[in-house]
Amino acid sequence: MRRITKGYETGPVPTAAERDLAARLRKVNLDLLPLLHELLRTRSVTRTAQSFGMTQPAVSRALRQLRLAFDDPLLVSPGRNARLTDRAQAVANPLARALGDLDLLLKPAHPFDPASEAVHLVINTADYVTQLLAPILSEICAREAPHVVLEFTWSGTRNAEDLARVDFMIGPRAFGQSLGKRVGSLPLWRDEMACIVAADNKAIPARLTPAQFQASRYVAFRRGLSVSPEVQTLLQPTSPLETAPICTVPDFLVLGAIVEKSDCLALVPRKVARELARDRRLRIVDIAYAKKQLFIDAYWSLATNSRRGRPWFRELLARAAARLG
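Think of each chain on its own: its residues are numbered from 1, step by step along the sequence as written. At least 70 in pLDDT is required for a residue's local features to be given in this predicted model, at least 80 for side-chain atom pairs to be given and counted, and no such filter applies to totals for whole chains, interfaces and linings, which use all residues. Calculation of side-chain values draws on the structure's entire complement of heavy atoms; hydrogens and water are dropped beforehand.

Asker: Looking at this structure, how should I read the overall build of the protein?
Answerer: Each helix is a run of DSSP H or I of at least 4 residues and each strand a run of E of at least 2, with the numbering of both proceeding from the N terminus. What the protein contains, in helices and strands, is 13 helices and 14 strands. Across the 325 residues that make up the protein, the buried fraction comes to 41%. Contacts in the protein between residues at least 24 apart in sequence constitute 74% of all its contacts with a sequence separation of at least 6. The protein chains shown are the only cover counted for residues, whose accessible areas, like all others here, come from Shrake-Rupley with a 1.4 Å probe. Total accessible area computed for the protein in this model is approximately 17900 Å², and 53% of it derives from carbon and sulfur atoms. Exposure classes here rest on a 1.4 Å probe applied to the protein chains alone. A residue is buried below 20% of its type maximum, exposed above 50%, and partly exposed in between. Here, two residues are considered to be in contact whenever any of their heavy atoms come within 4.5 Å of each other.

Asker: So what exactly am I meant to see when it comes to helix α13 (residues 310-324) here?
Answerer: Residues spaced three or four apart along an α-helix point in a common direction, a consequence of the helix completing one turn every 3.6 residues. Taking 1.5 Å per residue, 15 residues should reach 21 Å; α13 reaches 21 Å between its end C-alpha atoms and fits that length. Structurally, α13 contributes buried residues whose contacts are with β5 (119-125), α6 (127-144), β6 (148-153), β7 (168-172), β8 (183-198) and β14 (293-301). Downstream of α13 by a residue or two, G325 has a phi angle that is positive, lying close to 80°. Take the residue count of a helix, subtract one, and multiply by 1.5 Å to get its expected span.

Asker: Please clarify how the pairing of β5 should be interpreted in this entry.
Answerer: Strand residues, when the strand is regular, have side chains that alternate between the two faces of the sheet. Where burial is concerned, most of β5 is hidden: six out of the seven residues are buried. Here six bridges tie β5 to β6, and the two strands are oriented parallel to one another. From the neighbouring strand, V122 faces β6, where its bridge partner is E151. Taking the sense of rotation as the criterion, the β-α-β connection linking β5, α6 and β6 turns out right-handed. Think of it this way: DSSP has to see at least two bridges between two strands before they count as a pair. The sheet contact formed by β5 and β7 spans three bridges and is parallel. Note that in β7 the partner of I123 across the bridge is F168. Classification remark: right-handed applies to a crossover when, strands pointing away from the viewer, the course from the first strand over the helix to the second runs clockwise.

Asker: Would you mind showing me how to read the pattern of salt bridges here?
Answerer: Once the charged atoms of two side chains with opposite charge are near each other, the side chains can pair. In what follows, salt bridge is the name for a side-chain nitrogen of Lys or Arg lying within 4 Å of a carboxyl oxygen of Asp or Glu. This model, assessed by the stated rule, comprises 16 salt bridges. Here D167 makes a salt bridge to R307, at a shortest N to O gap of 3.2 Å. Here D167 is found in the loop between α7 (160-163) and β7, whereas its partner R307 is found in the loop between β14 and α13, with 140 residues between them in sequence. Judged by its relative accessible area of 5%, D167 is buried. In this structure R307 comes out as partly exposed when scored by relative accessible area, which is 34%.

Asker: Is there a simple way to explain the side chain of S44 in this structure?
Answerer: Position of S44 relative to the elements: it lies in the loop between α2 (33-42) and α3 (45-52). Judged by relative accessible area, S44 falls into the buried class, the value being 11%. Not counting residues up to four positions away in its chain, the partners in contact with S44 are L39 and L75.

Asker: It is not clear to me how unusual backbone geometry should be interpreted in this structure. Could you clarify?
Answerer: Most peptide bonds take the trans configuration, and most residues that are not glycine carry a negative phi. If you check the backbone angles, R43 has positive phi at about 55° while not being a glycine. Checked against the element boundaries, R43 lands in the loop between α2 and α3. Phi is positive for L74, close to 65°, though the residue is something other than glycine. Here L74 is to be found in the loop between α4 (56-70) and β3 (75-76).

Asker: I would appreciate a short explanation of the nonpolar core in the present structure.
Answerer: For soluble globular proteins, nonpolar side chains are generally found buried alongside one another. Core analysis: the biggest nonpolar cluster contains 57 residues, and Y128, I170, F213, W312, F313 and L317 have the highest contact counts within it. Here, the term nonpolar core denotes a set of buried Ala, Val, Leu, Ile, Met, Phe, Trp, Tyr and Cys residues that are joined through side-chain atoms within 4.5 Å. L32, L36, A49 and A62 belong to the second-largest nonpolar core, a separate cluster that totals 22 residues.

Structure follows, in structure tokens:
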């Protein structure tokens, strides 16, 4: 049956069942259905939180919303052994099939075409990574993807929920691995920390011991006052040596300007040390410290994995990183 309005055919009239389904869908936060699937699979708020890189309180809040939506406890915990209610058991298999069907439904009908499509990508990373990658990525995009916009930024990322607010985060592997399991990763390059000094500072030898470094005047990278020493070490592995800097800055590149004009030292990744030494009167000095290696990876939330153009950009990142050597 079709509806006729003022002489125009407007299409089929929704059935009572379709109207009822639409009304019920409006009452449910569909974003919670993957969480429900994991809760029914693991029967554990803790393990579900770990799977999605979320906090336990956040998953508990989601479970409360789901219980209201389904008008059922879904998961009950008599003592230490959680069990599914009859309603939850009835929902489990249809939910798994529905999520699989939705995944197929929402996948792009054709591959992303960088030559003709427009996409805006936000990359959260430190200034020295931007210094290394942005010129290469911009050069490739100018040639192959003229409508792609790259936005490099630097904001706090503590978990997979924060990561989902951007498209990619690029940083040290040790830090990225702290973001949880619902995170994808791509190895980019290997680096190590080195020391930079002014080119005319002859008092500093070609290789420093930790004690020699700490006896010198030095400036240091610090992400912010709210960053714990543990997180700071994940971001910069030689930070335990920097117990008494005379100046701290939130950018690696500024350290080069300070060192060039003073008798101070600074610890920076070797790749950026080489970049700084090209433009400034600086000398690179080895630091005899066991834990100075850096592995730089790209990270993204699995919740954003299928966004248009993201798989293509991961391949582009790998190409750009290969050019860094």
